Amino acid sequence: MTDTQDQPEYSAPDRLAEDRNWIDSTGLDRRRLLVGGAFAAGFAAACRPVSSSAVQTSGDGLKEETVSIRASDGFAMPAFVARPAHAKAAPIIVVVHEIFGVHEWIRDMCRRFAKAGYYAIAPDLFARHGDATSVADFKQLIATIVSKASDAQVLRDIDATYGWAGGHGGDGRRRGITGFCWGGRVVWLYAAHSRELDAGVAFYGRLISEKTDLQPLNVIEQVSALKAPVLGQYGALDKGIPAADVEKMQAALKIAGKAPPDAITVHPGADHGFMADYRPSYNEAAAKAAWQATLGWFGKYVKK
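This one's a predicted model, so the numbers in the text were calculated from it and none came from an experiment.

### Comments concerning the overall build of the protein
Here's step 1: Each helix and strand in the protein was counted, giving eight helices and eight strands.
Here's step 2: Once local pairs closer than 6 in sequence are excluded, the contacts in the protein between residues at least 24 apart make up 76%.
Here's step 3: When the accessible surface of the protein is totalled, it reaches about 12000 Å², and 52% of it is carbon and sulfur.

Below, the structure is given as structure tokens:
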């Protein structure tokens, strides 16, 4: 990554923990939790019940499949792919899941990108450690699966994902990445990792986090190593990623000469998970604005 010898140490003592940040986000109106049946069953156990605002994107005109990618260590990593059915090689967007794994909302995000003309692929970066979609308890999910996925493993697996997609119908010369919550942090890290990436969009990914042996990287300490433009999309009400963290990141980007093109948008009135239309934290206005900004960002840097 980058030499952090001359950078300050950042700690995260006062930020709401990952497992609590989803639960305690604003807008918990149980009257909206109305969705059931087969559609709701496709969402991770920790996400249920599912909000009636959940979007179902049609698969018409798309090719969807679940595939297996041979990772660098030989592991057969599952991934979900959605792409235009009849288009020539489309630009690749890797969609990095939240702590809940590759569940229905992540698959739907892939469909949305495919409708916009991209080859969207969501690798299951937790698969080595268990099925994140089946664990209902947040603390258990973090302790037994999420915490086991090392930064090094995740970055290598995304490298393998681009390699596979480039050989199976995607345009490996045009590469974007997006991610949400846990995946939003990964977007920043991958932009510091890969010289082949064209752009990233990070949704409410932690900028300052507690370091562990398996996750030793702090996003804010990787700023000078960024190799591709990243658009950060954050909520003003997020208690796990407070305004002070965002301001420190914005300052770090400027000092490193990365802003512009790197930029962070803070959506007023939006909390953590504002893009997740299947949860009560969904903020329609912020989500629509963020989606248009995302398409604009990838249109500028990836589609070209």
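There's plenty left to go through after this.
### Brief notes about the side chain of aspartate 108
Here's step 1: One can find aspartate 108 in helix α3 (residues 104–115).
Here's step 2: A residue is classified by how much of its surface remains accessible, and aspartate 108, at 1% relative accessible area, is buried.
Here's step 3: A polar side-chain atom of aspartate 108 sits 2.8 Å from a polar atom in the side chain of arginine 112.
Here's step 4: With residues near it in sequence (within four places) discarded, aspartate 108 still touches Val55, Gln56 and Thr57.

### A closer look at the packing of aromatic side chains
Here's step 1: A full pass over the atoms with the stated rule returns 16 aromatic pairs.
Here's step 2: Here tryptophan 105 and phenylalanine 180 contribute two aromatic rings whose centre-to-centre distance is 4.8 Å and whose plane-to-plane angle is 70°, an arrangement assigned as edge-to-face. Taken together, the residues tryptophan 105 in helix α3 and phenylalanine 180 in strand β5 (residues 170–180) connect sequence positions 75 residues apart.
Here's step 3: An aromatic cluster is defined as three or more aromatic residues linked by ring pairs; in this entry it consists of Phe39, Phe43, Trp105, Phe180, Phe203, Tyr204, Phe274 and Tyr278.
Here's step 4: One residue, lysine 303, lies across the ring of tyrosine 118, its end atom 4.8 Å from the ring centre.

### Focus: the confidence of the model for the protein
Here's step 1: Residue-level pLDDT values for the protein average 91, and 89% of them are 70 or greater.
Here's step 2: Least confident of the elements in the protein is helix α1 (residues 18–23), whose mean pLDDT is 59; most confident is strand β4 (residues 119–123), at 99.
Here's step 3: Note on residues 1–7: pLDDT under 50 across the span, and 15 contacts to partners over four residues away in sequence or across chains.

### Examining the nonpolar core
Here's step 1: Judged by nonpolar contacts, the single largest core of 101 residues is most densely connected at Val95, Ile121, Ile158, Trp182, Trp188, Tyr204 and Met275.
Here's step 2: Those residues in contact with tyrosine 204 that lie beyond four places of it in its chain are Trp105, Phe180, Cys181, Gln233, Tyr234, Asp238, Ile241, His272, Gly273, Phe274, Met275 and Ala276.

### Concerning the pattern of salt bridges
Here's step 1: Taken as a whole, this structure holds 16 salt bridges when the rule is applied.
Here's step 2: The shortest N-O distance in the salt bridge between arginine 173 and aspartate 171 comes to 3.1 Å.
Here's step 3: Since its relative accessible area comes to 70%, arginine 173 is described here as exposed.
Here's step 4: Notably, a salt bridge pairs glutamate 284 with lysine 288, separated by 3.0 Å at the nearest N-O pair. One end of the pair, glutamate 284, and the other, lysine 288, are both in helix α8 (residues 284–303), four residues apart, so they sit about a helical turn from each other.

### Points about the sheet that holds β4
Here's step 1: Here eight strands make up an open sheet; going across it, the order is β1-β2-β4-β3-β5-β6-β7-β8 and the pairing mixed. Each of the sheet's edge strands pairs with one partner strand only, and the pair in question is β1 (62–70) and β8 (263–267). This sheet shows a mean twist of 20° between the axes of neighbouring strands, independent of strand direction.
Here's step 2: Direction of pairing for strand β7 (residues 230–235) relative to β8: parallel, over a ladder of five bridges. Note that in β8 the partner of glutamine 233 across the bridge is threonine 265.

What counts and how
Per chain, residue numbering runs from 1 following the sequence as it is written. The predicted nature of this model means local features are confined to residues of pLDDT at least 70 and side-chain atom pairs, given and counted, to a pLDDT of 80 or more, with totals for whole chains, interfaces and linings taken over all residues. Note that water and hydrogens are dropped before the side-chain values are worked out from all heavy atoms of the structure. Numbering goes from the N terminus for both helices and strands, where a helix is a DSSP run of H or I of at least four residues and a strand is a run of E of at least two. Contact criterion: two residues are considered in contact whenever any of their non-hydrogen atoms come within 4.5 Å of each other. All accessible areas in this document rest on Shrake-Rupley with a 1.4 Å probe, and a residue is counted as covered only by the protein chains that are shown. Accessible area is worked out with a 1.4 Å probe on protein chains only. A residue is then buried under 20% of its type maximum, exposed over 50%, and partly exposed in between. Nitrogen and oxygen atoms within 3.5 Å of one another constitute a polar contact, given that in protein one can donate a hydrogen and the other can accept it, and given that sequence-neighbouring residues count only through two side-chain atoms. Ring pairs shown here join Phe, Tyr and Trp side chains whose ring centres sit within 6.5 Å, with only the six-membered ring taken for Trp; geometry is labelled stacked below 30 degrees between planes, edge-to-face above 60, and tilted in between. Here, over-ring charges are defined by two tests on the NZ atom of lysine or the CZ atom of arginine: distance to the ring centre within 6 Å, and angle to the ring normal within 35 degrees. Per-residue confidence from the prediction method is given by pLDDT, with values spanning 0 to 100. Take the buried Ala, Val, Leu, Ile, Met, Phe, Trp, Tyr and Cys residues and link them wherever side-chain atoms come within 4.5 Å; each set so joined is a nonpolar core. A pair is scored as a salt bridge if a Lys or Arg side-chain nitrogen falls within 4 Å of a carboxyl oxygen belonging to Asp or Glu. Here, a strand pair is defined by DSSP locating no fewer than two bridges between the strands. Geometry is summarised by axes, namely lines fitted to C-alpha atoms with helices restricted to the contacting stretch, and by angles between N-to-C directions that run from 0 to 180 degrees.

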